[in-house]
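# Observations on chain architecture
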Amino acid sequence: MLPSDAVKEIERRIGYTFSDKSLLTACFTHSSYANEHGTESNERLEFLGDALLGFFAAEKLYGEGGDEGQMTFRRQELVSERPLRECVERAGLDGFLLHAGREVPGGKAVSSLFEALVAGIYLDGGIEKARAFAEKMLGPVSQDAGDVRNYKGELQEFLQARGLEKAVYRVALREGAPHMPTFTVEASAAGQSALGRGGSKASAEKQAAKALLIRLQQAGEF
C-alpha cells in the first residue's frame, strides 16, 4: 500500500480524493512490484483507462467539428504515449509509482499510470469525475493538439540550409501550481530570439520554434 502521506499528496496533485484508497494504490502498482509482492498490477486499469480516454477525446473533438480523418488524427495525437507521459511527469506523479528494482520505470509505464488513474477515478467516483480529471490534466496538451507541424524540425532545416548554427532553447520562466505549471521557453538562433509558452517544456519549445521561424522568414535577410 502507498503510505498515507503519499496518498494525500497524490490526491492533492490530481485534484481528486479517493473513497477507496486501495484502488488508488492499484493505479500506482507497476507489474514488477505486483509480481514481487503477489498483488495486482495497474494493467487492467490501464486497459479500461485507455478506452475511456479514447471516448473522452472523441467526444470533445466531435463537438469541435472537423471531418473524420482530422478527428482521428487529433485523437491519436492527444492520447498517445508522449502527452500522457508529459502530464504525469509535469504533475510529478511518476515518483510515487510502486516498482521493483532501483530504476524507476519510464516510457510506457509512465503513460500507463495516467490511463490507470482515469480508470481508477471512474470506478471510484463515476464518469464525470474521470472526465474532469482528464480534461484538467490534458488541457495544455489539447490546446496544441490541432497543430501537428514539427516546428523545431522546420526551424532546424531552415538554419541548416543557410549554414547557420542550430537553435538553442532555454526555460525563461516556470509559473503556476507545482502540479500544473506553465513554461516560457526562449529559442535563439542567427542573432534572433522568440518566446513560446506551454503546459510542458516540449510544448513551449514548439511554440518558441514556431515564433522564431516566422521571425526569421519575415526578416528576409537569410
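Residues numbered from 1 in each chain as written. Predicted model: local features only at pLDDT ≥ 70, side-chain atom pairs only at ≥ 80, totals over all residues. Heavy atoms only, no water.

### So, the packing of aromatic side chains
We describe a pair of aromatic rings using the distance from one ring centre to the other and the angle between the two ring planes. Where we set the bar: Paired rings are identified among Phe, Tyr and Trp, the last through its six-membered ring, by centres lying within 6.5 Å, and are further divided according to the angle between planes into stacked (under 30 degrees), edge-to-face (over 60) and tilted (the rest). Three labels apply to residues, based on accessible area from a 1.4 Å probe with only protein chains included: buried if under 20% of the type maximum, exposed if over 50%, partly exposed otherwise in between. In this scheme, Lys NZ or Arg CZ marks a charge over a ring once it lies within 6 Å of the ring centre and within 35 degrees of the ring normal.
Inspection of the entire model under this criterion finds 3 aromatic pairs. Judged by centre distance (5.9 Å) and plane angle (55°), the ring pair of Phe-55 and Phe-56 falls under tilted. In this structure Phe-55 comes out as partly exposed when scored by relative accessible area, which is 41%. Over the aromatic face of Tyr-169 sits the side chain of Lys-152, whose NZ or CZ is 4.6 Å from the ring centroid.

### Looking at a nonpolar patch on the surface
Heads up, the rule is: Each patch is assembled from residues with relative accessible area greater than 30% and no salt bridge, linking like charges that lie within 9 Å and nonpolar side chains (Val, Leu, Ile, Met, Phe, Trp, Tyr) that lie within 5 Å. We get accessible surface area from the Shrake-Rupley algorithm with a probe of 1.4 Å; when it comes to residues, only the shown protein chains can shield them. Definition used for salt bridges: Asp or Glu carboxyl oxygen within 4 Å of a side-chain nitrogen of Lys or Arg. For helices the rule is a DSSP run of H or I covering at least 4 residues; for strands it is a run of E covering at least 2, with both sets numbered from the N terminus onward.
A cluster of nonpolar side chains, contributed by Phe-55, Tyr-122, Leu-123 and Ile-127, occupies part of the molecular surface with about 340 Å² of accessible area. Of note, Leu-123 is situated in helix H7 (residues 108-125).

### Remarks on the side chain of Arg-90
Using the following cut-off: Polar contact is defined as a pair of N or O atoms within 3.5 Å, subject to the rule that within protein one atom must be able to donate a hydrogen and the other to accept it, and that residues adjacent in sequence are counted only when both atoms are side-chain atoms.
Mapped onto the fold, Arg-90 is located in helix H6 (residues 81-90). At 2.9 Å, the side chain of Arg-90 and the backbone oxygen of Met-137 are in polar contact.

### Structural notes on the nonpolar core
We count it as follows: Joining through side-chain atoms within 4.5 Å is the link that ties buried Ala, Val, Leu, Ile, Met, Phe, Trp, Tyr and Cys residues into a set, and such a set is a nonpolar core. Note on contacts: a residue pair qualifies if any of its non-hydrogen atoms lie within 4.5 Å across the two residues.
One finds Ile-14, Phe-28, Leu-93, Phe-114 and Leu-117 to be the most contacted residues of the largest nonpolar core, which totals 41 residues. No other element matches the 8 residues that H7 contributes to this core. Dropping the residues within four chain positions of it, Leu-93 is found in contact with Ile-10, Arg-13, Ile-14, Phe-28, Val-88, Leu-113, Leu-117 and Met-137. Residues Phe-183, Val-185, Ala-204 and Ala-209 belong to the second largest nonpolar core, which totals 16 residues.

### Notes on the pattern of salt bridges
On inspection of all chains with the given rule, the structure shows 13 salt bridges. One salt bridge in this structure joins Arg-13 and Glu-9, with 2.7 Å as the shortest N-O distance. Residue Arg-13 and its partner Glu-9 are located together in helix H1 (residues 4-14), separated by 4 residues, close to a single helical turn. Measuring nitrogen to oxygen at the nearest pair gives 3.7 Å for the salt bridge that ties Arg-85 to Glu-81. On the criterion of helical spacing, the pair formed by Arg-85 and Glu-81 is a turn pair, its members being 4 residues apart in helix H6. Sharing partners across several salt bridges, the network here consists of Glu-9, Arg-12 and Arg-13.

### Things to note about the layout of surface pockets
This is how it is decided: A 1.4 Å probe that fits into a set of points on a 1 Å grid over the protein atoms alone but cannot get out defines a cavity; an open set with protein on both sides within 12 Å along at least five of seven lines defines a pocket, and lining residues are those with an atom within 4 Å of a point. Grid points are joined across faces, edges and corners, and a volume is the space filled by probe spheres set on the points. Basically, the charged four are Asp, Glu, Lys and Arg, the nonpolar ten are Ala, Val, Leu, Ile, Met, Phe, Trp, Tyr, Cys and Pro, and anything else, Gly included, counts as polar.
Taken as a whole, the second largest pocket spans an internal volume of roughly 170 Å³. Lining of the second largest pocket is provided by Ser-22, Leu-23, Ala-26, Glu-40, Ser-41, Arg-44, Leu-45, Leu-48 and Leu-123. Among the elements of the structure, helix H2 (21-27) and helix H4 (43-64) are those that each provide at least two residues to the lining of the second largest pocket. Here the lining of the second largest pocket is composed, by residue class, of 5 nonpolar, 2 polar and 2 charged.

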